[in-house]
Amino acid sequence: MESKVQKVAGNSHASHAIFGNNVDILEEILKHLDAKSVGIVSCVSKGCQQAAESEYVWKIICTHICPSSVFETERLQSRVATMGGFKRLYTNFLHPLRSYSHHKHCSSLNEDVIRLSLSLFSVDYYERRLESLRTRNASNFKIHSGITAIDQSPDSCTDIVQKSMKENRRACFI
Amino acid sequence: MAEDPTAAMAKECKVRLKISDDTIFEVEYAVAMQSQMLKNALSDTGTDGTVPLHNISSEIMAKVVEYCAYHVNAANTISEKDVKIWDQEFLKDLDQATLFNLIMATQYMVIHNLQDLICQTVADRIKDKSAEEVREIFNIQNDLTPEEEEEIRHENQWAFEEEGWPEIQEEVRLEG
């Protein structure tokens with residue numbers, strides 16, 4: 001192999017914190033780490049936090065700890081993404097179940113544990129959706145009662161009450 | 001097995017790469033093919049012209065070519081164990097700036113095995129280290145306020161906890 005190599009002075013004037021500034025490169029590095037190290041790295045700086053939140057990184061971490069290829073199907077990946085993402089799946093479900101497996105001296109995650117974590121993850125998603133529906137219904141109900149009150153006896157409402165009702169109505173549409 | 005004509009051509013063909021200071025690197029076709037980006041570029045234009053790689057310096061290009069050339073030769077002739085040993089030697093004593101620039105180059109040129117090698121090596125340096133140690137290794141300034149850092153630590157509490165199965169804190173009552 002021929003190559004014309006010119007000896008150039010080394011890049012010794014590199015700026016400090018080169019790894020810290022580049023979130024893309026940080027993600028490429030973090031994907032080679034275990035989950036716990038990624039969790040710790042998220043506290044290092046703003047750039048590191050951004051890289052450590054990346055779904056790209058957590059998808060790879062989850063795939064690595066799973067013995068079968070269940071996380072590698074596109075269908076499952078898109079479902080997990082819709083229901084809250086791989087980071088949430090790991091930190092709230094896979095991690096505790098892993099700890100429990102270690103506690104019981106089991107070697108690694110088996111199929112049953114993976115399936116259990118996915119089921120719990122789905123339940124968690126629907127619980128959160130239900131909760132947000134309930135809160136929206138509750139605030140809609142308050143607004144509706146407020147509006148009815150204003151309509152029935154507008155004179156009895158002070159300006160402050162009317163203003164806060166208007167603000168609530170606006171908030172609903174944001 | 002008769003040598004197929006494209007393989008013979010591949011051995012003789014040289015690919016010309018022009019880098020940031022206008023130096024030309026001439027590399028064997030097989031070596032250039034280690035880069036997906038070059039593979040795509042050359043399949044369109046052929047090997048006659050010069051491929052411009054303006055954002056890569058001489059020093060970095062030399063390392064990249066060294067790696068790719070070794071791996072082309074090693075593909076069927078050298079044992080995996082020896083290749084791994086060579087890889088570690090290749091990266092030894094490189095400073096962070098060089099490692100960083102190498103990662104950028106491998107991203108641009110799309111050379112997966114070299115990119116993975118360097119990223120894995122860098123990752124190994126920060127594995128299981130505390131946040132403060134990571135800051136020292138990478139020379140990163142902490143730009144988080146104490147409140148922000150506390151909040152992130154709280155969100156990622158699981159990563160700071162000791163391994164073990166926690167005691168159940170509160171009773172879970174089933175309704176109904």
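Residues numbered from 1 in each chain as written. Chains lettered and ligands numbered in written order. Predicted model: local features only at pLDDT ≥ 70, side-chain atom pairs only at ≥ 80, totals over all residues. Heavy atoms only, no water.

**Student:** When you look at the nonpolar core in this model, what are you seeing that I'm missing?
**Tutor:** Inside soluble globular proteins, nonpolar side chains tend to come together where they are buried. Counting 86 residues, the largest nonpolar core has Phe19(A), Phe71(A), Leu89(A), Leu94(A), Leu17(B), Met61(B) and Val64(B) as the members making the most contacts within it. In this structure, Phe71(A) is in contact with Cys62(A), Thr63(A), Cys66(A), Leu76(A), Gln77(A), Phe86(A), Leu89(A), Leu94(A), Ile114(A) and Leu118(A), ignoring residues within four places of it in sequence. (Core = buried A, V, L, I, M, F, W, Y, C linked by side-chain atoms within 4.5 Å. Buried < 20%, exposed > 50% of the residue type's maximum accessible area, 1.4 Å probe, protein only. Contact = heavy atoms within 4.5 Å.)

**Student:** Where do I start with unusual backbone geometry in this structure?
**Tutor:** With the exception of glycine, most residues fall at negative phi, and the peptide bonds are largely trans. All names here are of chain B. Positive phi, normally seen in glycine, also occurs at Val-110, with a value near 55 degrees. One can find Val-110 in the loop between α6 (96–109) and α7 (112–126). Look at Val-110 and you get partly exposed, because its relative accessible area is 25%. Even without being a glycine, Asn-139 presents a positive backbone phi close to 60 degrees. Along the polypeptide, Asn-139 turns up in the loop between α8 (131–138) and α9 (146–155). (Helix = DSSP H or I, 4+ residues; strand = E, 2+ residues; numbered from the N terminus.)

**Student:** I keep staring at the sheet that holds strand β2 (residues 24–28) of chain B and nothing clicks. Help me out?
**Tutor:** Strand pairing in a sheet is mediated by backbone hydrogen bonds. Such pairs are either parallel or antiparallel. All names here are of chain B. With mixed pairing, 3 strands are arranged side by side in an open sheet as β2-β1-β3. Two strands close off the open sheet at either side, each with one partner strand: β2 and β3 (50–53). Each adjacent strand pair in this sheet contributes to an overall mean axis angle of 30 degrees, direction not counted. As defined by bridge partners, strand β1 (residues 14–19) adjoins β2 across 5 bridges and the pair is classed as antiparallel. Within the sheet, the bridge partner assigned to Arg-16 lies in β2 and is Glu-26. (Pairing = 2+ DSSP bridges. Axes fitted to C-alpha atoms, helices over the stretch in contact; angles between N-to-C directions.)

**Student:** Hey, could you run me through the packing of aromatic side chains in this one?
**Tutor:** Aromatic rings considered in pairs are described by the distance between their centres and by the relative angle of their planes. All names here are of chain B. Tallying each qualifying case throughout the model produces 12 aromatic pairs over all chains. Taking 6.3 Å as the distance between ring centres and 50 degrees as the angle between the ring planes, the aromatic pair formed by Tyr-67 and Trp-86 counts as tilted. Of this pair, Tyr-67 sits in helix α4 (residues 58–77) while Trp-86 sits in helix α5 (residues 80–91), placing them 19 residues apart in sequence. Residue classification places Tyr-67 among the buried positions, given a relative accessible area of 1%. Between Tyr-67 and Phe-90, the ring centres sit 5.6 Å apart and the planes meet at 50 degrees, which makes this aromatic pair tilted. With Tyr-67 in helix α4 and Phe-90 in helix α5, the pair connects residues that are 23 residues apart, well separated along the chain. Across the pair, exposure class does not vary: Tyr-67 and Phe-90 are buried alike. A connected cluster of aromatic rings, assembled from ring pairs, spans Tyr-67, Tyr-70, Trp-86 and Phe-90. Positioned above the aromatic ring of Phe-90, the side-chain terminus of Lys-63 is 4.5 Å from the ring centre. (Phe/Tyr/Trp six-rings, centres within 6.5 Å; stacked < 30°, edge-to-face > 60°. Lys NZ or Arg CZ within 6 Å of the ring centre and 35° of its normal.)

**Student:** I keep staring at helix α5 (residues 55–65) of chain A and nothing clicks. Help me out?
**Tutor:** One full turn of an α-helix is made of 3.6 residues, so residues set three or four places apart face in the same direction. What α5(A) keeps buried is the set Val57(A), Trp58(A), Ile61(A), Cys62(A), Thr63(A) and Ile65(A). Contact partners of the buried residues in α5(A): α2 (23–30), α3 (35–41), α4 (46–52) and α7 (86–103) of chain A together with α10 (157–160) of chain B. Its side-chain oxygen 3.2 Å from the backbone nitrogen of Tyr56(A), Ser54(A) forms the N-cap of α5(A). (Polar contact = N/O pair within 3.5 Å; in protein donor to acceptor, adjacent residues only side chain to side chain.)

**Student:** Where do I start with the pattern of salt bridges in this structure?
**Tutor:** Should the charged atoms of two oppositely charged side chains come close, the side chains can pair. Enumeration over the complete set of coordinates arrives at 15 salt bridges over all chains. Taking the shortest distance from any N to any O, the salt bridge between Glu53(A) and Lys87(A) comes out at 3.1 Å. Of this pair, Glu53(A) sits in the loop between α4 and α5 while Lys87(A) sits in helix α7, placing them 34 residues apart in sequence. Connected via shared salt-bridge partners are Glu132(B), Arg135(B), Glu149(B) and Arg153(B). (Salt bridge = Lys/Arg side-chain N within 4 Å of Asp/Glu carboxyl O.)

**Student:** Sorry, what's going on with the environment of His64(A) here?
**Tutor:** Tracing the chain through its elements places His64(A) in helix α5. For the pair His64(A) and Cys43(A), spaced 21 residues apart in sequence, the C-alpha separation works out to 23 Å.

**Student:** Sorry, what's going on with the state of the cysteines here?
**Tutor:** Two cysteines form a disulfide when their sulfur atoms are joined by a covalent bond. Applying the stated criterion across every chain, the model contains 0 disulfides over all chains. The thiol of Cys43(A) is not disulfide-bonded; the next cysteine sulfur, from Cys48(A), is found 9.8 Å away. (Disulfide = S-S within 2.5 Å.)

**Student:** Would you explain the interface of chain B and chain A in this entry?
**Tutor:** Often, the extent of an interface is quoted as the loss of accessible area on bringing the components together. With 54 residues of chain B at the contact, the number on the chain A side is 46 residues. Between the two partners, chain B and chain A, sit 1 salt bridge. Lys127(B) is paired through a salt bridge with Asp34(A); the nearest N and O atoms lie 3.2 Å apart. Put simply, chain B and chain A have 10 residue pairs in polar contact (both at pLDDT 80 or more) between them. Those elements that place two or more of their residues in the side of chain B that touches chain A are β2, α4, α6, α7, α8, α9 and α10 of chain B. No other element matches α6(B), which puts 8 residues into the side of chain B that touches chain A.

Just geometry here; none of it tells us what the structure is for.
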